[in-house]
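Here are the chains, one letter per residue:
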Amino acid sequence: KIQAANEVKDNVENNRFIETNIPLIAEEGCFEIFDNIEHYEYKTRYGATNYEKVGEGKLYITNKRLYFITEINAFHLIWLNNIMDINWYFLEDEDKYQLKITRDGNAIFLESYSEVDIYKIYRYIKTIVENK
């Protein structure tokens, strides 16, 4: 984890961007792409709130936002400056890792079987937000 944290810190501090095919805005660059990430949200329908899977795919981390691409969809997930809190957990019953990202009004959840991926996503967000 120390190696992953150092790599993330170095990438962010030196703006080490990679080539990507996602639409970028002015002064935006992509740091890393993570595969096999699951995206969940709490959805309220007919008065009942359920924890629902929105999609599974690739997560792009830029210096400004998280961008998500599934087999059928591509969309902006969240601006990093809108994140109010972030925590990561191990979900023992499912044997996978979860990142809970709290924003105004609700939270989004990213899950992966890779501890390193979830930890790196967490470190990227923390490092970028702290350096703004």
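This section reports on the structure supplied with the text. Since the structure is predicted, the reported quantities are computational estimates derived from the model, not experimental observations.

Some details on the sheet that holds strand β5 (residues 83-91)
Spatially, the seven strands line up as an open sheet ordered β4-β3-β2-β1-β7-β6-β5, and their pairing is antiparallel. Because the sheet does not close on itself, it has two edges, and the strands there are β4 (74-79) and β5. Taken over all neighbouring pairs, the strand axes of this sheet differ in orientation by 35 degrees on average, direction set aside. Sheet topology places strand β1 (residues 30-45) next to strand β2 (residues 48-62); 13 bridges connect them, and they run antiparallel. When the sheet's bridge partners are listed, Ile 33 is paired in β2 with Tyr 60. The sheet strands contacting helix α2 (residues 115-130) are β1, β2, β3 (65-70), β5, β6 (96-103) and β7 (106-112), and the helix crosses β1 at an angle near 90 degrees.

Quick notes on unusual backbone geometry
For Glu 27, which is not glycine, the phi torsion reads 60 degrees and is therefore positive. Tracing the backbone shows Glu 27 in the loop between α1 (2-13) and β1. Of note in this structure, Tyr 46 is not a glycine but carries a positive phi near 55 degrees. By the secondary structure assignment, Tyr 46 is in the loop between β1 and β2. According to the relative accessible area criterion, Tyr 46 is exposed, its value standing at 87%.

Notes on the nonpolar core
A general tendency of soluble globular proteins is for nonpolar side chains to be buried together. Membership of the largest hydrophobic core comes to 28 residues, with the highest contact counts inside it found for Leu 59, Leu 66 and Ile 101. If you tally residues by element for this core, the top one is α2, at seven residues. Excluding anything up to four places from it in sequence, Ile 101 contacts Leu 66, Ile 78, Ile 83, Asp 85, Ile 86, Asn 106, Ala 107, Ile 108, Leu 110 and Ile 125.

Some points on the pairing of β3
With five of its six residues buried, β3 lies for the most part within the structure. Here five bridges tie β2 to β3, and the two strands are oriented antiparallel to one another. Each residue of the ladder has a partner; that of Gly 57, found in β3, is Thr 70. Adjacent in sequence and paired antiparallel, β2 and β3 are bridged by two residues. Here five bridges tie β3 to β4, and the two strands are oriented antiparallel to one another. Bridging from a neighbouring strand, Ile 69 pairs with Ala 74 of β4. Here β3 folds back onto β4, and the loop between the two strands holds three residues.

Quick word on the pattern of salt bridges
Throughout the structure, instances matching the rule amount to 14 salt bridges. A salt bridge links Asp 10 to Arg 16, with the shortest nitrogen-to-oxygen separation between them at 2.2 Å. On the accessibility criterion, Asp 10 (32% relative accessible area) is partly exposed. Judged by relative accessible area, which is 41%, Arg 16 ranks as partly exposed. Here Glu 52 and Arg 45 are joined by a salt bridge, their closest N and O atoms 2.7 Å apart. Of the residues examined, Arg 45 reaches a relative accessible area of 44% and is grouped as partly exposed. Three or more residues joined by partner-sharing salt bridges are found here, namely Glu 38, Lys 53, Glu 56, Glu 94, Lys 96 and Glu 111.

Criteria and thresholds
Residues numbered from 1 in each chain as written. Predicted model: local features only at pLDDT ≥ 70, side-chain atom pairs only at ≥ 80, totals over all residues. Heavy atoms only, no water. Pairing = 2+ DSSP bridges. Helix = DSSP H or I, 4+ residues; strand = E, 2+ residues; numbered from the N terminus. Axes fitted to C-alpha atoms, helices over the stretch in contact; angles between N-to-C directions. Contact = heavy atoms within 4.5 Å. Buried < 20%, exposed > 50% of the residue type's maximum accessible area, 1.4 Å probe, protein only. Core = buried A, V, L, I, M, F, W, Y, C linked by side-chain atoms within 4.5 Å. Salt bridge = Lys/Arg side-chain N within 4 Å of Asp/Glu carboxyl O.

By themselves, these observations are geometric and do not establish any function.
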